[in-house]
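Residue strings, one per chain:
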Amino acid sequence: MTHRDDRFRDDDHGAVEEPYTGLLTQVMTQTLDQDYLDVARRRGARVGDSPPGWRIGAVSVLLLFGLMVGLSALKTDQDQPLVAVERAKLIEQIENNHHKLDDQQANLASLSDEVATLQQRMTASMADDRKLAGQLTGLGVDAGTIAVTGPGVAVTVDDAGYSVGTSGGVILDTDLQLLANGLWQAGAEAVAVDGHRLTSLTAIRFAGEAITVDYRSLTPPYVIEAIGNPDTMPARLLETRAGQIWLDLEANFGIQFDVAAKEKVSIPGDARDRLLYAVAEAAS
Amino acid sequence: MIAVFGLALGVLAGLLLEPSIPIALQPYLPIAVVAALDAVFGGLRAHLDGVFDDKVFVISFVSNVLIAALIVYLGDQLGVGGQLSTGVIVVLGIRIFSNVAAIRRHVFHA
């Protein structure tokens, strides 16, 4: 505050001291070195030039200045091609990388196309697999290699307690064969005799005194289980020739012949699931 | 006359002889040139004002160049070399413009 008051007073009295100006203003107005003015003021008192030694100094300084200007001009000139080369190299790199990027993007597109194709193919082959597995299961059921379960009937047959004639009252292998065929005829999908699955290779025959199924001896009573429609199978069985003959056997020889519908029948698979000798002709 | 001759000789020597500058000093050459330019235009203006003095010119030239280089060097060591260079160039540029304007007034009386 007091300083400003002083300044105003100085202004009023025709100030000798310069008032404070801003830094920028100072930079822009006081361009001439104060020294020149000071020295000139002093020299004004005693007229005469500065010693000749300084003149040589001034000229050599100017020489030095020229040298510097020339050198930096030269250096900039020399640097220019270098900078241009570097720039060109960078541009080339950028373009190269652009090309590389384009290539890789194209590659990516073709690869994702390929992935899509392969996925489609995989889906198709998975569907094929499922179909084939279904077919295999169906074939296995038909061939008797796969254990199956479902509704069906159980036929229990037994020898008569007494013997009639030479063979009356005893169930023969032909009787069982007849019964099994009758069940097939009645719409059975799988048949087992005493837990032995009947397949295309299963034989029912006499060996000595016992009936063998699949070369294993059985003892009466025999239980023949079949999977099929439990409502229609018993009636259809009785309508077949086998049914008629068995009814005769029951009536004439006292052989037990019971047909019962069952909610659930479980029939095991035949363990022998491959042929030992036969080979498909196409495969050989 | 001698001054102009010295200047031309210096430029020629710089261009023709191509003396190698130490690598360490190379970054300070442009800023030194700008500082020297300020001193030279100051001297020219003083000459036109009639107050030129060889001693003052030599000292102002040398100190200008040294201080400018020193400031930039200091800035480099502090990690603000670019900014300090810009500051020095702005101040010196303003001074050069003003000096040139004064010289123009002397030469063209306008």
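Please read these numbers as outputs of a predicted model, since none were measured by experiment.

### Quick notes on the overall build of chain B
Logical step 1: Tallying secondary structure elements over chain B gives four helices and zero strands in all.
Logical step 2: Counted from the first residue to the last, chain B has its helices and strands arranged as α-α-α-α.
Logical step 3: Evaluated residue by residue, chain B yields a buried proportion of 34% over its 110 residues.
Logical step 4: At a minimum sequence separation of 6, the contacts of chain B that also span at least 24 residues come to 67%.

### Side note on the overall build of chain A
Logical step 1: Secondary structure assignment for chain A yields seven helices and eight strands.
Logical step 2: Here chain A holds 284 residues, and the buried ones make up 19% of them.
Logical step 3: Partitioning the contacts of chain A with sequence separation of at least 6, the portion at a separation of at least 24 is 77%.

### Quick look at the interface of chain A and chain B
Logical step 1: Taken together, the contacts link 30 residues of chain A with 37 residues of chain B.
Logical step 2: Those elements that provide at least two residues to the side of chain A that touches chain B are helix H2 (23-29), helix H3 (34-45) and helix H4 (52-143) of chain A.
Logical step 3: With 19 residues, H4(A) is the largest single contributor of residues to the side of chain A that touches chain B.
Logical step 4: Here the side of chain A that touches chain B is composed, by residue class, of 20 nonpolar, six polar and four charged.

### Digging into the packing of H4(A) against helix H1 (residues 2-17) of chain B
Logical step 1: Packing of H4(A) against H1(B) leaves a shortest axis separation of 7 Å and a crossing angle of 35°. Crossing angle aside, the handedness with which H4(A) passes H1(B) is right-handed. Each of Val59(A), Leu62(A), Leu63(A), Leu64(A), Phe65(A), Gly66(A), Leu67(A), Val69(A), Gly70(A), Leu71(A) and Leu74(A) in H4(A) lies in contact with H1(B), whose residues at this interface are Ile2(B), Ala3(B), Gly6(B), Leu7(B), Ala8(B), Leu9(B), Gly10(B), Val11(B), Ala13(B), Gly14(B) and Leu15(B).
Logical step 2: When the residues that make up the contact of H4(A) with H1(B) are grouped by side-chain class, the tally is 17 nonpolar, five polar and no charged.

### A closer look at the sheet that holds strand E4 (residues 204-207) of chain A
Residue and element names in this part refer to chain A.
Logical step 1: Pairing is antiparallel in the open sheet, where three strands are placed in the order E4-E5-E6. Each end of this open sheet is capped by a strand with a single partner; those strands are E4 and strand E6 (216-218). For this sheet, the mean angle separating the axes of adjacent strands, direction not counted, is 45°.
Logical step 2: The strands that helix H5 (residues 173-185) touches are E4 and strand E5 (210-213); relative to E4, the one it contacts most, it runs at about 170°.

### A closer look at helix H4 (residues 81-108) of chain B
Residue and element names in this part refer to chain B.
Logical step 1: In a regular helix each residue adds 1.5 Å, so 28 residues correspond to 40 Å; H4 covers 39 Å between its end C-alpha atoms and thus fits that length.
Logical step 2: Restricting attention to buried positions, one finds in H4 the residues Ser85, Leu92, Arg95, Ile96 and Asn99.
Logical step 3: His109 sits one or two residues past H4 and shows a positive phi near 55°.

### Some details on the sheet that holds strand E2 (residues 190-193) of chain A
Residues and elements named next belong to chain A.
Logical step 1: Ordered by their spatial adjacency, five strands build an open sheet running E3-E2-E7-E1-E8, and the pairing between neighbours is antiparallel. In the strand order of this sheet, the two ends are held by strand E3 (196-197) and strand E8 (256-267), each with one partner.
Logical step 2: Summarising the sheet, E2 and E3 pair through two bridges and their orientation is antiparallel. Counterpart to Val193 in the pairing with E3 is His196.

### Focus on the packing of helix H2 (residues 29-49) of chain B against H4(B)
Between two packed helices, what matters for the description is the angle formed by their axes and the separation of those axes.
All names here are of chain B.
Logical step 1: Across the interface, H2 lies against H4 with an axial gap of 9 Å and an inter-helix angle of 25°. Of the possible angle classes, the one that applies to H2 and H4 is roughly parallel. For the crossing formed where H2 meets H4, the hand is left-handed. The segment H2 lies against H4, with Ile31, Val34, Ala35, Leu37, Asp38, Phe41, Gly42, Leu44, Arg45 and Leu48 engaging Ser85, Val88, Ile89, Leu92, Arg95, Ile96, Asn99, Val100, Ala102, Ile103 and His106.

### Some thoughts on the environment of Leu201(A)
Logical step 1: Within the element layout of this structure, Leu201(A) appears in the loop between E3 and E4.
Logical step 2: Here Leu201(A) falls in the exposed class, since 11 other C-beta atoms lie within 10 Å of it.

### Topic: unusual backbone geometry
Logical step 1: Here Asp194(A), not a glycine, exhibits a phi torsion of approximately 50°, which is positive.
Logical step 2: Here Asp194(A) falls in the partly exposed class, since 15 other C-beta atoms lie within 10 Å of it.

### Comments concerning the confidence of the model for chain A
All names here are of chain A.
Logical step 1: Of all residues in chain A, 85% attain a pLDDT of 70 or more, and the chain-wide mean is 81.
Logical step 2: Per-residue pLDDT, averaged within each element of chain A, yields its smallest value for helix H1 (residues 2-12) (42) and its largest for strand E7 (residues 222-227) (90).
Logical step 3: Note that residues 1-16 has pLDDT below 50 and, in this model, three contacts with residues that lie over four places away or in other chains.

### Quick word on the pairing of E2(A)
The side chains of a regular strand alternate, residue by residue, between the two faces of the sheet.
All names here are of chain A.
Logical step 1: The alternating pattern of E2 places Ala190 and Ala192 and Val191 and Val193 on opposite faces, both of which are buried.
Logical step 2: Two strands pair when backbone bridges link them, and E2 and E7 are joined in this way by four bridges, in the antiparallel orientation. Paired with Val193 across the two strands is Ile224, which belongs to E7.

### A word on the nonpolar core
Logical step 1: The biggest cluster of nonpolar side chains holds 34 residues, and the ones touching the most others in it are Val61(A), Phe65(A), Met68(A), Ala32(B), Ala35(B) and Ala36(B).
Logical step 2: Of all the secondary structure elements, the ones that give two or more residues to this core are H4 of chain A together with H2, helix H3 (54-78) and H4 of chain B.
Logical step 3: In contact with Phe65(A), not counting residues within four places along its chain, are Leu7(B), Gly10(B), Ala36(B) and Val40(B).
Logical step 4: Residues Ile171(A), Leu198(A), Ile227(A) and Leu249(A) belong to the second largest nonpolar core, which totals 31 residues.

Parameters and conventions
Every chain is numbered on its own, with residues counted from 1 as its sequence reads. As a convention, the first chain written is A and the first ligand written is 1, with the rest following in written order. Totals for whole chains, interfaces and linings use all residues, but because this is a predicted model, local features are given only for residues with pLDDT of at least 70 and pairs of side-chain atoms are given and counted only at 80 or more. The numbering of helices and of strands both runs from the N terminus, where a helix is a DSSP run of H or I of at least 4 residues and a strand a run of E of at least 2. With C-beta atoms placed from the backbone, a residue counts as buried when 20 or more other C-beta atoms lie within 10 Å of its own, as exposed when 12 or fewer do, and as partly exposed for counts between those limits. Any pair of residues counts as being in contact when their C-beta atoms, constructed from backbone geometry, are within 7 Å of one another. Three classes are used: nonpolar for Ala, Val, Leu, Ile, Met, Phe, Trp, Tyr, Cys and Pro, charged for Asp, Glu, Lys and Arg, and polar for all others, with Gly counted as polar. Here, axes are lines fitted to C-alpha atoms. For helices the fit covers the stretch in contact, and angles between N-to-C directions go from 0 to 180 degrees. Crossing handedness is read from the near helix: turned anticlockwise from the far helix by less than a right angle, it gives a left-handed crossing, and turned clockwise, a right-handed one. A pair of strands is treated as paired once DSSP finds two or more bridges between them. Helix span, expected: 1.5 Å multiplied by one less than the number of residues in the helix. Any angle between 65 and 115 degrees counts as roughly perpendicular, while under 35 counts as roughly parallel, over 145 as roughly antiparallel, and the rest as oblique. The score called pLDDT rates the predictor's confidence residue by residue, from a low of 0 to a high of 100. Think of a nonpolar core as buried Ala, Val, Leu, Ile, Met, Phe, Trp, Tyr and Cys residues, each tied to the set through C-beta atoms within 7 Å.

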